[in-house]
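So you can see what is in the structure, the chains are spelled out below.
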Amino acid sequence: MTILGIDLGTTNSAMAYVKNGQPEMIVNSRGERTTPSVFQKNINGELVVGSVAKNQYSSLPEQTVLEIKRKMGTDEKITVGETSFTPEQISAHFLKYLKQAAEDFLGEKITEAVITVPAYFSDAQRKATKIAGEIAGLKVERILNEPTAAAIAYGLDHPDSEKNIIVYDLGGGTFDISVVRLDKNLIEVKASAGDNHLGGMDLDRLLVDWVAEQFAEQYDVPLFSFGEASEITQRHARVKLEAENVKKSLSSELSATFNLPFLAVYEGKPISLDYTITRAEFEDIVRSLLEETLVHVDKAIHDAKLAPDAIDDIILIGGATRIPLVQKLVEAKFERMAKKDINPDEAVALGAAIQGAMKEDSLSEESSLMVIDVCPYTLGTDVLRIVDGKRQSGYFDILIRRNEPLPVTAKKIYNTVNDNQTTIDIGVYQGDDEDARVNDDLRITETPLIVDEIPENAAGKEKVEIMFRYDVNGLIQIEATVLSTGRTISQVLDAQRGIMSARQVKEAKLELFDDWEKSKLASEMKGVIRRAKKVRRNAEPQQAVQIEEAIQQLEYAIQETDVELVKAREEALLDLLMEIIE
Ligand code: ADP
Ligand code: MG
């Protein structure tokens, strides 16, 4: 039983497994070691994931979803053609595709996975990722932090080293920094920091803005202001893809060109763009954004209680660390070169596979590892304080400080504040401000966490013990006990805004299964239908009507995902075509 290691990225996903004690990448059906995290559902119900979907993005922007990871943990819905999806559902489609590809590659069923997330992902984002796995039919053995996964892969490759490393992960959508202590077989994360909204795609956006500026200067009209809405969407998609290409070229070249033939029609004339940008100009545009990463680096090494010169190795992962300016900034900060012996696109998936193998005990004796990770956020509740003789509510009372080793449990006892108070509403906040309300409220307001049935008593006499816990996945659990009666309420914080309920997950799982069946049928029948349409074009009117009827019957059966019926109607259509051709 293989536990699959999955790096579910904003831009690219990858997977790995452990074979004979060593982690190895798994290639997808096209032989690629990474799969673009791009999803498409076209009008005949066919689902397309990966490079093919990415290549068709500029022609089918409305049927295509990219960068869904940014929306995980929110209640935003994504419309693809006619269908509306939650972010979990879209991610589940990627996971389903990866699961299938791994099963084809390994020749066995996969039911369990370790899925990675940015270290700085919140409770809601982690939960959404876990749910995506469930919808795809995967038991999520562990949610693992991406930089930790990379450190695991690095640690396995460098046994017996005793050093402090930083893992600097700049991907497509997120930035993470972790400070890690490697001590022989112990991999101990000391601190993590990051930004869930900073990555290569933000650099692409700055380049799109640059193109729009050049255009406005040349033609005196905003680039995305004229034409039909669908044209503008397509135009934007083309410029965005080209911006990514230009950005990548500038990692190896000193200048690159935006080449966009027939991008638009303006005042009856076709317009092609051809703008050259130098690496130096690019660096001016993106420098301040990239410098922001260093603020997080400072925070992490400060939290780890280390000085920059105590860092021995710099590990760069994520595609955007190929940008020379990124390397320059980080290397200048630590006054040393980054390590080159780690693949920035593969380390995370390899580490996830190793984590999976640790559970299975399928690593060799000498490469056995022990991993300690930390919680990303400070967690606390809100309390009342007496300030200048007046009661003031909303103070943040910390239970767990960020960067505590996981799992971590904290308990505190709170008193009632009013006479005969029978309920307490427990606030759950993550953040670092002393005003609780400035921090993120993790509850949804409609279903607060309420401790009730507190016996009537004088103010301050009744005590409630509150327990907060981060488990090894970085997920939060809460428990409250009324001390005088022993009454306990306990829950994983799952009623959050935007998180799918158990019932919705179950439905989504069936729906996803059905969508892929339908997609399979639609692509199997594509050839027959195309052939039938060709025959119909040259057929007698009466025969043409018959063929059209048979095509519609077949399409209906596909819509119904009725395999038997599809087979029967395919046969009927083929028979009809034979008759007509003869
Ligand atoms: P994620 O983990 O978020 O899916 P990746 O680690 O795959 O992301 O990195 C993807 C990002 O890296 C994209 O924004 C991509 O444009 C960028 N990227 C990939 N190769 C290069 C390169 N040679 N130069 C600059 N950026 C690159
Ligand atoms: Mg990544």
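In case you missed it, the structure is sitting above this.
So, here is what we can say about the structure in this document. For clarity, every value in this text was computed on a predicted model and none was experimentally measured.

The rules we used
- Residues numbered from 1 in each chain as written.
- Chains lettered and ligands numbered in written order.
- Predicted model: local features only at pLDDT ≥ 70, side-chain atom pairs only at ≥ 80, totals over all residues.
- Heavy atoms only, no water.
- Helix = DSSP H or I, 4+ residues; strand = E, 2+ residues; numbered from the N terminus.
- Rg over C-alpha atoms; globule rule 2.2 N^0.38 Å.
- Buried < 20%, exposed > 50% of the residue type's maximum accessible area, 1.4 Å probe, protein only.
- Contact = heavy atoms within 4.5 Å.
- Areas by Shrake-Rupley, 256 points an atom, 1.4 Å probe, with all protein chains shown as cover.
- Lys, Arg positive; Asp, Glu negative; His and termini not counted.
- Charge placed at Lys NZ, Arg CZ, Asp CG, Glu CD.
- Phe/Tyr/Trp six-rings, centres within 6.5 Å; stacked < 30°, edge-to-face > 60°.
- Lys NZ or Arg CZ within 6 Å of the ring centre and 35° of its normal.
- Near = heavy atom within 4 Å.
- Polar contact = N/O pair within 3.5 Å; in protein donor to acceptor, adjacent residues only side chain to side chain.
- Nonpolar A, V, L, I, M, F, W, Y, C, P; charged D, E, K, R; others polar.
- Pairing = 2+ DSSP bridges.
- Axes fitted to C-alpha atoms, helices over the stretch in contact; angles between N-to-C directions.

**Structural notes on the overall build of the protein**
Along its length, the protein carries 12 helices and 28 strands. The C-alpha atoms of the protein give a radius of gyration of 28 Å, which matches the 25 Å a tight globule of 582 residues would have. When the backbone C-alpha atoms are referred to their principal axes, the protein occupies close to 95 × 60 × 60 Å. When each of the 582 residues of the protein is scored for burial, the buried share is 53%. A separation of at least 24 residues holds for 66% of the contacts in the protein among residues at least 6 apart in sequence. Summed over its atoms, the accessible surface of the protein is roughly 26,800 Å², and 47% of this surface lies on carbon and sulfur atoms. The averaged location of the 98 negative side-chain charges in the protein is 1 Å from the averaged location of its 67 positive side-chain charges.

**A closer look at the packing of aromatic side chains**
Taken as a whole and judged by the stated rule, the model has nine aromatic pairs. The rings of Phe215, Tyr219, Phe226 and Tyr266 are connected pair by pair, giving a single aromatic cluster. In this structure, Lys69 packs its charged tip against the face of Phe121, placed 5.9 Å from the ring centre. In this structure, Arg235 packs its charged tip against the face of Phe226, placed 4.4 Å from the ring centre.

**Quick notes on the site of ligand 1**
Near ligand 1 there are 18 residues, and of these Thr11, Gly172, Glu244, Lys247 and Ser251 occur at the shortest range. Within the backbone of Thr10, an N or O atom sits 3.1 Å from an oxygen atom of ligand 1. Within the backbone of Gly319, an N or O atom sits 2.8 Å from an oxygen atom of ligand 1. Protein coverage of the free-state accessible area of ligand 1, which is 580 Å², stands at 89%. Considering only residue class, the shell around ligand 1 consists of three nonpolar, 11 polar and four charged.

**As for the sheet that holds strand 13 (residues 175-183)**
Across the sheet, which stays open at both edges, the five strands sit in the order 17-12-13-14-18 with mixed pairing between neighbours. Looking at the sheet topology across the chains shown, the edges are occupied by strand 17 (313-317) and strand 18 (370-372). Mean inter-strand twist for the sheet, computed between neighbouring axes without regard to direction, equals 20°. Both strand 12 (residues 162-170) and strand 17 contribute to a ladder of five bridges, which runs parallel. Across the sheet, Val167 pairs through a bridge with Ile315, a residue of strand 17. Taken strand by strand, helix 7 (residues 279-303) contacts strand 12, strand 13 and strand 14 (186-195), and its axis lies near 140° from that of strand 14.

Shape descriptors only; they carry no functional weight alone.
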